[in-house]
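Architecture at a glance
Chain by chain, the residues:
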Amino acid sequence: MATASPRFSAFGACGNRSERRPGFSGSGKVEPWSFQFPPSAEAWKVASASRAARSKKASSQINSLPDSDDFFYEKVPTPMLDVIESPINVKNLSTKELRQLADEIRLELSSILRKAQKPLKSSLAVVELTVAIHHVFHAPADKILWDVGEQTYAHKMLTGRRSLMNTLRQKDGLSGFTSRSESEYDPFGAGHGCSSISAGLGMAVARDMKRKRERILTVISNGTTMAGQVYEAMSNAGYLDSDMIVILNDSRHSLHPNIEEGPKTSINALSSTLSKLQSSKSFRKFREVAKGVTKKIGRGMHEWAAKVDEFARGMVGPPGSTLFEELGLYYIGPVDGHKIEDLVCVLQEVASLNSMGPVLIHVVTEENQGIEHSQRSDTGEDVGEGSSSYDSIASDYQPRTYSDCFVEALIRKADSDKDVVMVHGGAEVEPSFQLFREKFPDRFFDIGMAEQHAVTFSAGLSCGGLKPFCVIPSAFLQRAFDQVVHDVDRQRIPVRFVITSAGLVGSNGPVQCGAFDITFMSCLPNMIVMAPSDEDELVNMVETAAMVDDRPICFRYPRGAIVRTDKSLSDGIPIENRLEEGEFLQKVKMLLCLVMGQWFRTASKLSPFFQSLELR
């Protein structure tokens, strides 16, 4: 017998709202936390003196920005947001109050992110969607999973972490991604994208096997739909037919903004009405009854009715909507992602359905939503996107990075060698790489979050006679290791891997730590592994990689600034002192042999051979 729904039993009294806002401790528990606003006059003087001292020393600094703790700004009034201590406080708000709450979240979030030099657009685009989700569903009993870290900031503010948002991506502060150790409202950690549907489906199957009734909801973006794992998970979800909800946040973002695009998905009164009809309980029941009747009639009637249903839904839905139907997900949409009333209506209808199978809700959002208004609200005047008095402090000096040096060297090489091309895989293209794209638009390939394809695509380019430089951040290269082994190294195909963000990555934290590439690339039999100690060696490695044509090669460099910023790059010199196996045995003076397991006996038999080489 199924147990009672736990969704409502997980909530208790809200406490006294007049108390201080809750904070977040290292143990993962919510506790009171205070912050003085506005700062005292003495604090203003100290902050001003500190900024003045830093501006005098700006020329000698390499890769540091003013501490956010030293920068104070006028707090934007947020009366509705101030009474939200947890998602339970969002449940009884009216539509008008939900709109006000979304506006206040957007204002405060834009102020925090702009002054902390964090990306704005994707965070602000999902504010209304986040508010609607927490209004309808009952977290943490209901599981809400996210694919993209930047889209979870409003979620963090509504789940008891608002007071610590100024510590976002800082040491001992909030993670830039969802984290199971940070909050019970984060049921699964995210960071590399495209994992939420797979994890959510696993939770849904586990729920069914344990006879529980919580809802499973995942939010993906059109950026993560570049990855094949998303479609693998959708196909499996359609086959298993477990109840779960997938929300596609379509921000209309394109990897290739300069290419002429087709008509964008339009949102109008008709599409809004059809979305509500598709999600309604009566329509779904009618559809299921019709399926049952056609099955009983037989004689191909069921297959004919299914084709009519698919054709009709394809007519009213946007281009590509039938793809999700073919994968086994019931498609609803498009829905305006900035209309609270439409979002709440559709989500409530979907949440009320039982035995519905997997459902995909197509929500269309705008990344620039509310940015212009929030900028005027913060400064009292209209300023450019992402600019503030904080920006003016940092704009006086821009550190020169390893990526800048790499792109400069690669452009120089591409000028002399027409076969040089760049393939970029990963979440976002660094600003440095835009220089190569602008100068060689036909020789730059942005694959997006599809690293497996980027590696094998580069192998194909190399087989066709080109010299691909496959640029992938270290943490994202991990999930393409199978392609590196079988499609490149085993066949000795000369692909040049450029591993960026190698080593520790500061504010990105352990989610995107690039500390493992040396280990998993060095174990490959045909791979040449390099790492520069300065920008001159980096330029030489670019030249070396272009010269090697008999095996794959890789070089890694960290993110951040280079050591010497006042020195122009010299011409690259190929590194030609690669030692063959015989030369290695002649020049090595000491050899340490580590073995384990069944290889111990074999290694013991090699002892006389090592002694003959007079090694210690």
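Everything below is about the structure shown above.
For clarity, every value in this text was computed on a predicted model and none was experimentally measured.

With the rule as written, the count across this model stands at 19 salt bridges. The partner of Asp186 in a salt bridge is Arg161, with the nearest N and O atoms 2.8 Å apart. Here Asp186, found in the loop between α6 (153–161) and α7 (196–209), pairs with Arg161, found in helix α6; they are 25 residues apart in sequence, far enough to count as distant. The class for Asp186 is buried, based on a relative accessible area of 2%. Residue class for Arg161 comes out buried when judged on its relative accessible area of 1%. One salt bridge connects Glu408 with Arg400, and the closest N-O pair in it is separated by 2.5 Å. Connected via shared salt-bridge partners are Lys156, Arg161, Glu182 and Asp186.

One broad rule of soluble globular proteins: the nonpolar side chains tend to lie buried together. Core analysis: the largest hydrophobic core is formed by 52 residues, its most contacted members being Leu101, Ile105, Val131, Ile133, Ile247 and Ile361. If we skip the residues at most four places from it in the chain, Ile133 touches Ile144, Trp146, Leu217, Val219, Ile247 and Leu347. Phe406, Ala409, Ile411 and Leu569 belong to the second-largest nonpolar core, a separate cluster that totals 32 residues.

Here the focus is the pairing of strand β9 (residues 444–448). Among the five residues of β9, four are classified as buried, and the element is accordingly described as predominantly covered. The pairing of strand β8 (residues 420–425) with β9 spans four bridges and is parallel. Pairing of Met422 across the sheet is with Phe444, part of β9. With helix α17 (residues 433–439) bridging β8 and the parallel β9, this β-α-β connection has right-handed handedness.

So, on to unusual backbone geometry. Across the junction of Ala139 and Pro140, the peptide omega takes the value 5°, indicating a cis bond. If you trace the backbone, Pro140 turns up in the loop between α5 (127–136) and β3 (143–146). The phi dihedral of Arg169 is positive, around 60°, even though this residue is not glycine. Structurally, Arg169 is set in the loop between α6 and α7.

The full count for this structure, using the stated rule, is eight aromatic pairs. Both rings, one in Phe406 and one in Tyr557, keep their centres 6.2 Å apart while their planes meet at 40°; by these two values the pair is tilted. Of the two residues, Phe406 sits in helix α16 (residues 402–416) while Tyr557 sits in the loop between β13 (553–556) and α23 (581–587), which places them 151 residues apart along the sequence. Using a relative accessible area of 0% as the deciding quantity, one classes Phe406 as buried.

Quick notes on the rules
- Sequence positions are assigned chain by chain, starting from 1 and proceeding in written order.
- Only residues with pLDDT of at least 70 get local features here, since the model is predicted, and only at 80 or more are side-chain atom pairs given and counted; chain-wide, interface and lining totals rely on the full set of residues.
- Side-chain measures were taken over the full set of non-hydrogen atoms in the model, leaving aside hydrogen atoms and water.
- By convention in these notes, a salt bridge is any Lys or Arg side-chain nitrogen within 4 Å of a carboxyl oxygen on Asp or Glu.
- Working definition: helices are DSSP H or I runs of at least four residues, strands are E runs of at least two. Numbering for both runs from the N terminus.
- Only protein chains enter the area calculation, which uses a 1.4 Å probe; residues under 20% of their type maximum are buried, those over 50% are exposed, and those in between are partly exposed.
- For our purposes a nonpolar core is just a set of buried Ala, Val, Leu, Ile, Met, Phe, Trp, Tyr and Cys residues, chained together by side-chain atoms within 4.5 Å.
- Pairs of residues are marked as contacts when any of their non-hydrogen atoms sit within 4.5 Å.
- Between any two strands, at least two bridges found by DSSP are needed for them to pair.
- For the handedness criterion, the strands are oriented away from the viewer, and a crossover whose path from the first strand over the helix to the second runs clockwise is classed as right-handed.
- In summary, the pairing rule links any two rings of Phe, Tyr or Trp, Trp by its six-membered ring, whose centres are within 6.5 Å, and it sorts them by plane angle into stacked for under 30 degrees, edge-to-face for over 60 and tilted for everything else.

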